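# Geometric and topological summary
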Amino acid sequence: MGSVQNVDMTLMVEKLKLKNLTPDIDLTGMKLSSPEINRPAIQLSGYFAHFATERVQILGYVEYTYLQSRSDEEKKPIYEKFFSSNIPCVVYTSRTEPEPYALEMANKYNVPVFYSDKKTSNFMAAIIGWLNVQLAPRISIHGVLVDVYGEGVLIMGESGIGKSEAALELIKRGHRLVTDDVVEIHKVSDDTLVGRSPEITKHFIELRGIGIVDVKTLFGVECVKETQTIDMVIKLEDWDKDKEYDRLGLTEEYTEFLGNKVVCHSLPIRPGRNLAIIVETAAVNNRQKKMGYNAAQELYRRVQESMTRKN
């Protein structure tokens, strides 16, 4: 099972281009743990029951104008209660700005306050999408992830079976490497898995007998990719003459990561088989199936029609 991660608040500030309005607060070590956000409308009216204090708090134009309509005597206890509730941070949007007393309370309770010039709805969409990726449950597995014609193909198999060599051939044929050896899989939704490389091995491939190869340096930036959805899995295995392999593909096989099912094909390895072409064909065939056409079902339909005519 994967675990929910924490993300550095400094990374959020950098990626979402936020302006820090409380520079005296040290952000070092501050973490975000919830992928959800909160607009504290009802809290600003004084009702703090069921307050989602673990979330990033966003104040937009509506909240700003509401606070402007309240007297200082009404606002001060609300600000005190709001900033003392152990919230991670506050973001002002839509060309609003905090009042001096709000910043005073923020500094008192060590709550960072940021500003974004985006409209509130646009900023909410951006931060929710970013947090969902950063805080998604994740696991690390052994394999190679390649973007083949837009399909994310995860190649798995025992060590030394030829995963990296297949990936290198695919790169030479114009496809893009995401990661070799270790794949970090993030569950960003109930339908979507995203793979990425650990920072330390990004853009590198290990080839037995040669060593480490820097794909980005050797073949150019067009041959690498930062992240990729995982659309199918190909498991490489040694050829077993006594094993029955699927020759039609009428029924789909699946493998599961973090509760999500992914189409899976087992490919037997024999000398002379061109793995790159097989992987390309599997990727295009998978894409065609998603567009509504299944070659195996079409063949089955033709056979049934032929038998019906003969009868």
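The notes below deal with the structure included here. (Residues numbered from 1 in each chain as written. Predicted model: local features only at pLDDT ≥ 70, side-chain atom pairs only at ≥ 80, totals over all residues. Heavy atoms only, no water.)

Let us now look at the layout of surface pockets. For the second largest pocket, the calculated volume is near 480 Å³. Forming the walls of the second largest pocket are 17 residues, and the residues nearest its centre are Leu11, Gln134, Arg196, Glu199 and Lys202. Listed by contribution, the elements that provide at least two residues to the lining of the second largest pocket are strand S1 (7-8), helix H1 (9-15), helix H5 (120-134) and strand S12 (182-187). The residue inventory of the lining of the second largest pocket, partitioned by class, reads 4 nonpolar, 5 polar and 8 charged. (1 Å grid on protein atoms, 1.4 Å probe; cavity = no way out; pocket = protein on both sides within 12 Å on 5 of 7 lines; lining within 4 Å. Points joined across faces, edges and corners; volume = space filled by probe spheres on them. Helix = DSSP H or I, 4+ residues; strand = E, 2+ residues; numbered from the N terminus. Nonpolar A, V, L, I, M, F, W, Y, C, P; charged D, E, K, R; others polar.)

Under the defined criterion, the tally for this structure stands at 5 aromatic pairs. Relative to Phe83, the ring of Tyr79 has its centre 6.4 Å away and its plane inclined at 35°; by these criteria the two rings are tilted. One end of the pair, Tyr79, and the other, Phe83, are both in helix H3 (residues 72-83), 4 residues apart, so they sit about a helical turn from each other. The exposure classification of Tyr79 matches that of Phe83, with both residues buried. Linked through ring pairs, Phe48, Phe51, Tyr79, Phe82, Phe83 and Tyr101 together constitute an aromatic cluster. Over the aromatic face of Tyr101 sits the side chain of Lys76, whose NZ or CZ is 5.2 Å from the ring centroid. It is Lys261 that lies over the ring of Tyr254; its NZ or CZ is 4.6 Å from the centre. (Phe/Tyr/Trp six-rings, centres within 6.5 Å; stacked < 30°, edge-to-face > 60°. Buried < 20%, exposed > 50% of the residue type's maximum accessible area, 1.4 Å probe, protein only. Lys NZ or Arg CZ within 6 Å of the ring centre and 35° of its normal.)

With that out of the way, let us pick up the sheet that holds strand S6 (residues 90-92). Sheet architecture is open: 5 strands sit in the order S2-S7-S6-S5-S4, paired in mixed fashion. Looking at which strands have only one partner, the edges of the open sheet turn out to be strand S2 (19-20) and strand S4 (37-38). Here S2 pairs with strand S7 (residues 113-115) via 2 bridges, running antiparallel. Of the residues in S7, the one forming a bridge with Lys19 is Tyr115. Each of S4, strand S5 (56-59) and S6 is contacted by H5, which is oriented at about 170° to S5, the strand it contacts most. (Pairing = 2+ DSSP bridges. Contact = heavy atoms within 4.5 Å. Axes fitted to C-alpha atoms, helices over the stretch in contact; angles between N-to-C directions.)

Moving on: the pattern of salt bridges. Across all of its chains, the model carries 16 salt bridges by this definition. Put simply, Arg39 and Glu63 hold a salt bridge, and the shortest N to O gap is 2.8 Å. Of this pair, Arg39 sits in the loop between S4 and S5 while Glu63 is found in helix H2 (residues 61-68), placing the two residues 24 residues apart along the sequence. Arg39 gets classed as partly exposed once you look at its relative accessible area, which sits at 31%. Because the salt bridges share partners, they merge into one network encompassing Glu36, Glu54 and Arg55. (Salt bridge = Lys/Arg side-chain N within 4 Å of Asp/Glu carboxyl O.)

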